[in-house]
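# Observations on chain architecture
Each chain, letter by letter, is given below.
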Amino acid sequence: VPEVPDYYFFFFFSIWNSLQNVLSKKMLSLHKVKYNPGEIQYATGLASVLAQVPTFFLFATVQAWNDVTTLPRAFLYILNGIFFHFQTLSAYALMDAISPVTHSVANTLKRALLIWISVIVFKNHVTLYSGLGSAIVFIGVLLYNKARHQ
């Protein structure tokens with residue numbers, strides 16, 4: 001299997017993430033029926049399970065299956081799922097209140113903050129490029145906020 005550069009993964013992740021934000025906003029603003037964030041979370045969660053369970057059975061290794069079925073690992077997966085549920089639910093609630101562009105900007109800022117939290121907590125090394133990238137994110141958020149309020 002040829003090695004795929006990381007930026008391809010980032011590129012496709014950005015496309016899927018943007019499409020998900022736009023489609024979620026569309027679902028929140030349907031005119032015939034007004035869905036609340038909990039209803040959208042349920043529907044998308046159910047669709048996600050329908051996509052993920054067959055994928056797991058098709059591609060999971062024996063080691064992955066053994067890891068999932070151990071009690072400590074199962075507990076971590078359940079805890080992660082609970083946190084993901086509340087994060088997604090709060091994202092839908094936020095998206096209901098603001099525009100998709102503002103949500104994407106806030107999401108970008110969140111990701112930059114998570115990187116810096118990991119730097120502090122895990123003592124990760126900061127390269128010139130990662131520092132420069134974070135500075136661009138923070139400056140971009142400030143400029144967006146300034147432009148939005150003018």
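Below or above, wherever it landed, is the structure these notes cover. Because the structure is a prediction, the values reported are computed rather than measured.

Further remarks concern the overall build of the protein. What the protein contains, in helices and strands, is six helices and zero strands. Ordered by position from N to C terminus, the α and β elements of the protein give α-α-α-α-α-α. The C-alpha atoms of the protein give a radius of gyration of 19 Å, which is well past the 15 Å a tight globule of 150 residues would have. In terms of overall dimensions, the protein has a C-alpha envelope of 55 × 50 × 30 Å along the principal axes. Sorting the 150 residues of the protein into buried and exposed places 14% on the buried side. In the protein, the proportion of contacts linking residues at least 24 apart, taken out of those at least 6 apart, comes to 62%. Surface exposure of the protein reaches about 11,800 Å², of which carbon and sulfur atoms provide 74%.

What follows covers unusual backbone geometry. Not every positive phi belongs to a glycine, and Lys123 is a case in point at roughly 55°. Of note, Lys123 is situated in the loop between α5 (100–122) and α6 (128–148). You can call Lys123 exposed: its relative accessible area is 68%.

Another point: the packing of aromatic side chains. Tallied over the full model, the rule gives three aromatic pairs. Ring centres of Phe56 and Phe57 lie 5.9 Å apart, and the angle between their planes is 70°; this geometry places the pair in the edge-to-face category. A relative accessible area of 27% means that Phe56 is categorised as partly exposed. In this structure Phe57 comes out as exposed when scored by relative accessible area, which is 58%. Taken together, the aromatic side chains of Phe56, Phe57 and Trp65 make up a single cluster linked through ring pairs.

Rules used in this analysis
Residues numbered from 1 in each chain as written. Predicted model: local features only at pLDDT ≥ 70, side-chain atom pairs only at ≥ 80, totals over all residues. Heavy atoms only, no water. Helix = DSSP H or I, 4+ residues; strand = E, 2+ residues; numbered from the N terminus. Rg over C-alpha atoms; globule rule 2.2 N^0.38 Å. Buried < 20%, exposed > 50% of the residue type's maximum accessible area, 1.4 Å probe, protein only. Contact = heavy atoms within 4.5 Å. Areas by Shrake-Rupley, 256 points an atom, 1.4 Å probe, with all protein chains shown as cover. Phe/Tyr/Trp six-rings, centres within 6.5 Å; stacked < 30°, edge-to-face > 60°.

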